[in-house]
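# A structural walkthrough
The chain contents come next:
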Amino acid sequence: MAELVVDALVENLNQVLAFTEEQLDLFGCSMKFAMKIQIAVEEIYVNIAHYAYGNETGKASVLMEHLPDISSVRITFKDSGTPYNPLAHEDPDITLEAEKRSIGGLGILMVKKTMDKVEYEFKDGQNCLTITTTI
Amino acid sequence: MDIKKALDGENLTISLTGRLDTLTSPELEKELQESLSGVKNLVFDFADLEYISSAGLRVLLSAHKQMFNNGNMVVKNINETVSEVFEVTGFSDVLNIE
């Protein structure tokens, strides 16, 4: 188990992705799954960086756990910003023609569709979003 | 991310190497703003593109909308990761993928 805590800023994305990649390597994750997981991590982290603290700066933590019994990884994101459940929103319509499409909500939709499990809870004053997926 | 452009008359090919993510997408957006004038056929060659996130999708959608009325846009040589992103977001139905 390893944890990274950073200021929740978009410019720290590469640090978060480097940490994720390093841990996935240690867990013996294949390149194919690693890419998919990194995309999910980016979408979740960038959402926190953009919205959790408004104009203030706060912390975001990323906790990575290997679950060898089920060949999976569990990643938990925590922030102490505005309570926000990204899973409570309706999915965007992905059947619209290009002209009518917008990009809002696509990131979290990608996370939901590519990860095995995505859970949200607000606990001890923190947003906790957990993804679990096969590696 | 590395962006290579090859302009041949009204045909522009843009080849990307690396990751089209939140941090790199603005570079592509800027390149497109500067390059699309007079272009009728836009080709994205993604042979060396490792990965794309929703920030990259936003730039592609914007280019697609811009080209829709004036010409044609094609995305080619996508890898498995990029293909899956296009599938789950419905972009595979919108973009012309070769």
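Attention in this report is confined to the structure presented alongside it. By convention here, each chain's residues receive numbers from 1 onward along its written sequence. Starting at A for chains and at 1 for ligands, labels are handed out in the order in which the entities are written. Only residues with pLDDT of 70 or above have their local features reported here, since the model is predicted, and side-chain atom pairs are shown and tallied only from 80 upward, although totals for entire chains, interfaces and linings are computed over all residues. No hydrogens and no water enter the side-chain calculation; it runs on all heavy atoms of the structure.

## Examining unusual backbone geometry
Residue and element names in this part refer to chain A. One non-glycine residue, serine 71, lies in positive phi territory at about 45°. Mapped onto the elements of the fold, serine 71 is located in the loop between strand E2 (59-67) and strand E3 (72-79). Note on classification: 1.4 Å probe, protein chains only; a residue is buried when its accessible area is under 20% of the maximum for its type, exposed when over 50%, partly exposed between these limits. Judged by its relative accessible area of 38%, serine 71 is partly exposed. Despite not being glycine, aspartate 124 shows a phi value in the positive range, around 50°. Mapped onto the secondary structure, aspartate 124 falls in the loop between strand E4 (117-123) and strand E5 (126-134). Secondary structure is summarised from DSSP: a helix means a run of H or I of at least four residues, a strand means a run of E of at least two, and numbering begins at the N terminus for each.

## Digging into the environment of Glu90(A)
Topologically, Glu90(A) is positioned in the loop between E3 and helix H3 (106-114). C-alpha separation for the pair Glu90(A) and Gly105(A), spaced 15 residues apart in sequence, amounts to 8.4 Å.

## Thoughts on the interface of chain A and chain B
On the chain B side, the residues contacting the 26 residues of chain A number 24 residues. Computed with a 1.4 Å rolling probe, the buried area is the accessible surface lost when two parts are put together, summed over both parts. Carbon and sulfur atoms supply 63% of the area buried between chain A and chain B, which totals about 2200 Å² over both sides. Ranking the residues of chain A by area buried against chain B places Met35(A), Arg101(A) and Ile103(A) at the top, with a combined share of 25%. Put simply, a salt bridge is a Lys or Arg side-chain nitrogen that is within 4 Å of an Asp or Glu carboxyl oxygen. At the junction of chain A with chain B, the criterion picks out two salt bridges. Glu84(B) is the partner of Lys36(A) in a salt bridge, and the nearest nitrogen-oxygen pair spans 3.9 Å. Should any heavy atoms of two residues lie within 4.5 Å, those residues are counted as being in contact.

## Here we look at the side chain of Glu65(A)
Residues and elements named next belong to chain A. Tracing the chain through its elements places glutamate 65 in strand E2. The exposure class assigned to glutamate 65 is buried, which follows from its relative accessible area of 14%. Sequence-distant contacts of glutamate 65, defined by excluding residues within four places in its chain, comprise Met1, Phe27, Ser72, Val73, Arg74 and Thr76.

## A few points about the packing of aromatic side chains
By convention, a stacked pair of Phe, Tyr or Trp rings (six-membered ring in the case of Trp) has centres within 6.5 Å and planes under 30 degrees apart, an edge-to-face pair has planes over 60 apart, and any other such pair is tilted. Per the stated rule, a full pass over the model turns up two aromatic pairs over all chains. Measuring from centroid to centroid gives 5.7 Å for Phe44(B) and Phe46(B), while their planes differ by 45°, and the two rings are tilted. The two residues Phe44(B) and Phe46(B) agree in class, both being buried. Measuring from centroid to centroid gives 6.4 Å for Phe86(B) and Phe91(B), while their planes differ by 15°, and the two rings are stacked. By the criterion adopted, a ring carries a charge over it if an Arg CZ or a Lys NZ lies within 6 Å of its centre and within 35 degrees of its normal. Across from the ring centre of Phe33(A), 5.4 Å away, lies the NZ or CZ of Lys32(A), which sits over that ring.

## Remarks on the layout of surface pockets
Once rolled over the atoms, a probe with the size of a water molecule shows which space is left empty. Of the two site types, the cavity is a set of points on a 1 Å grid over the protein atoms alone where a 1.4 Å probe fits but cannot get out, and the pocket is an open set with protein on both sides within 12 Å along at least five of seven lines, each lined by residues with an atom within 4 Å of a point. Grid points are joined across faces, edges and corners, and a volume is the space filled by probe spheres set on the points. Of the voids in this model, the largest pocket is the one considered here, and its volume is about 490 Å³. Lining the largest pocket are 24 residues, with Asn47(A), Tyr51(A), Gly105(A), Gly107(A) and Ser54(B) positioned closest to its centre. Where the lining of the largest pocket is concerned, the elements lending two or more residues are helix H2 (31-51) and H3 of chain A together with helix H2 (54-68) of chain B. It is H2(A) that contributes the most residues to the lining of the largest pocket, six residues altogether. Only Asp, Glu, Lys and Arg are considered charged, only Ala, Val, Leu, Ile, Met, Phe, Trp, Tyr, Cys and Pro nonpolar, and every remaining residue, Gly among them, polar. Its residues assigned to classes, the lining of the largest pocket comprises nine nonpolar, nine polar and six charged. For the second largest pocket, the calculated volume is near 240 Å³. Every residue lining the second largest pocket is counted, 16 residues in all, and those nearest its centre are Asn47(A), Ile48(A), Asp79(A), Tyr84(A) and Pro86(A).

## Considering the sheet that holds E2(A)
Residues and elements named next belong to chain A. A sheet is described by the order of its strands in space; here five strands give the open sequence E1-E2-E3-E5-E4, paired in antiparallel fashion. Edge positions in the sheet fall to strand E1 (2-7) and E4, since each has one partner strand and no second. Sheet twist, expressed as the mean angle between neighbouring strand axes with direction ignored, is 15°. As defined by bridge partners, E3 adjoins E5 across eight bridges and the pair is classed as antiparallel. Bridge assignment links isoleucine 75 to a residue of E5, and that residue is isoleucine 131. In this analysis, strands are considered paired if DSSP registers two or more bridges between them. To get an axis, a line is fitted to the C-alpha atoms, and for a helix only the part in contact is used. The angle between two axes follows their N-to-C directions and goes from 0 to 180 degrees.

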